[in-house]
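Given next are the chains, with one letter for each unit.
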Amino acid sequence: MDIFCIKAVSLGDLEKVLISHDGAGPGSGWFLDKIVIKYKEGEEAQEVVFPCNRWLDEYQDDGKTERELTANKDGSLMKTFLKGKSCFPTIVFYTIVFPV
């Protein structure tokens with residue numbers, strides 16, 4: 001799992017994300033389970049889940065290295081109270097690496 005902390009202005013309600021890579025270098029493809037974007041609004045943390053469950057690899061799956069993901073409609077926006085210090089917004093990429 002990779003976690004990236006990015007400071008940014010509020011983007012409002014997120015509905016779609018576009019993720020890609022340039023395919024440079026051997027073994028550059030990867031499997032993306034989902035993207036979870038967490039951000040703080042007031043005193044509550046918000047979370048939006050973008051399921052993927054596909055390869056971003058020119059030699060796997062459908063050969064695409066770019067995916068447009070739509071927010072999960074079932075529980076895509078979950079509110080939880082903050083506990084301790086956190087880095088917001090946080091983008092979490094859930095990836096699974098398979099040997100090729």
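Labelled according to an unreviewed UniProt entry, the chain appears under the name LOXH1 protein, originating from Toxostoma redivivum.

A word on the overall build of the chain
Per the secondary structure count, the chain includes 0 helices and 7 strands. Burial status across the chain gives 28% buried among its 100 residues. For the chain, long-range pairs separated by at least 24 residues make up 65% of all intrachain contacts whose partners lie at least 6 apart in sequence. Entry remark: accessible area of the chain is about 7000 Å², with carbon and sulfur atoms responsible for 53%.

Some words on the nonpolar core
One finds Val17, Ile19, Leu32, Ile35, Ile37, Phe50 and Leu69 to be the most contacted residues of the largest nonpolar core, which totals 13 residues. Contributions of two or more residues to this core are made by strand E2 (16–20), strand E3 (30–41) and strand E4 (44–56). In this structure leucine 69 touches Glu15, Lys16, Val17, Ile19, Leu32, Ile35, Phe50, Pro51 and Cys52, once residues within four positions along its chain are discounted.

What about the confidence of the model for the chain?
For the chain, the average pLDDT comes to 75, and 73% of its residues sit at 70 or higher. Element-level mean pLDDT values for the chain span from 39 in strand E6 (residues 77–81) up to 94 in strand E5 (residues 66–70). This stretch, residues 75–86, has a pLDDT under 50; its non-local contacts, to residues over four places away or in other chains, come to 23 contacts.

Notes on the pattern of salt bridges
The final tally for this structure, using the stated rule, is 6 salt bridges. Residues lysine 16 and glutamate 68 are paired through a salt bridge, measuring 3.3 Å at the closest nitrogen-oxygen approach. Of this pair, lysine 16 sits in strand E2 while glutamate 68 sits in strand E5, and the two are 52 residues apart along the sequence. Two residues, aspartate 61 and arginine 67, come together in a salt bridge whose shortest N-O distance is 3.6 Å. Several salt bridges share partner residues, and in doing so they unite Arg54, Asp61, Asp62 and Arg67 into one network.

Observations regarding the packing of aromatic side chains
Within the structure shown, the criterion is met by 1 aromatic pair. With a centroid separation of 5.8 Å and an interplanar angle of 75°, the aromatic rings of phenylalanine 31 and tryptophan 55 are classed as edge-to-face. With phenylalanine 31 in strand E3 and tryptophan 55 in strand E4, the pair connects residues that are 24 residues apart, well separated along the chain. Tryptophan 55 carries the same exposure label as phenylalanine 31, and that label is buried.

Conventions adopted
Residues numbered from 1 in each chain as written. Predicted model: local features only at pLDDT ≥ 70, side-chain atom pairs only at ≥ 80, totals over all residues. Heavy atoms only, no water. Helix = DSSP H or I, 4+ residues; strand = E, 2+ residues; numbered from the N terminus. Buried < 20%, exposed > 50% of the residue type's maximum accessible area, 1.4 Å probe, protein only. Contact = heavy atoms within 4.5 Å. Areas by Shrake-Rupley, 256 points an atom, 1.4 Å probe, with all protein chains shown as cover. Core = buried A, V, L, I, M, F, W, Y, C linked by side-chain atoms within 4.5 Å. pLDDT = per-residue confidence, 0-100. Salt bridge = Lys/Arg side-chain N within 4 Å of Asp/Glu carboxyl O. Phe/Tyr/Trp six-rings, centres within 6.5 Å; stacked < 30°, edge-to-face > 60°.

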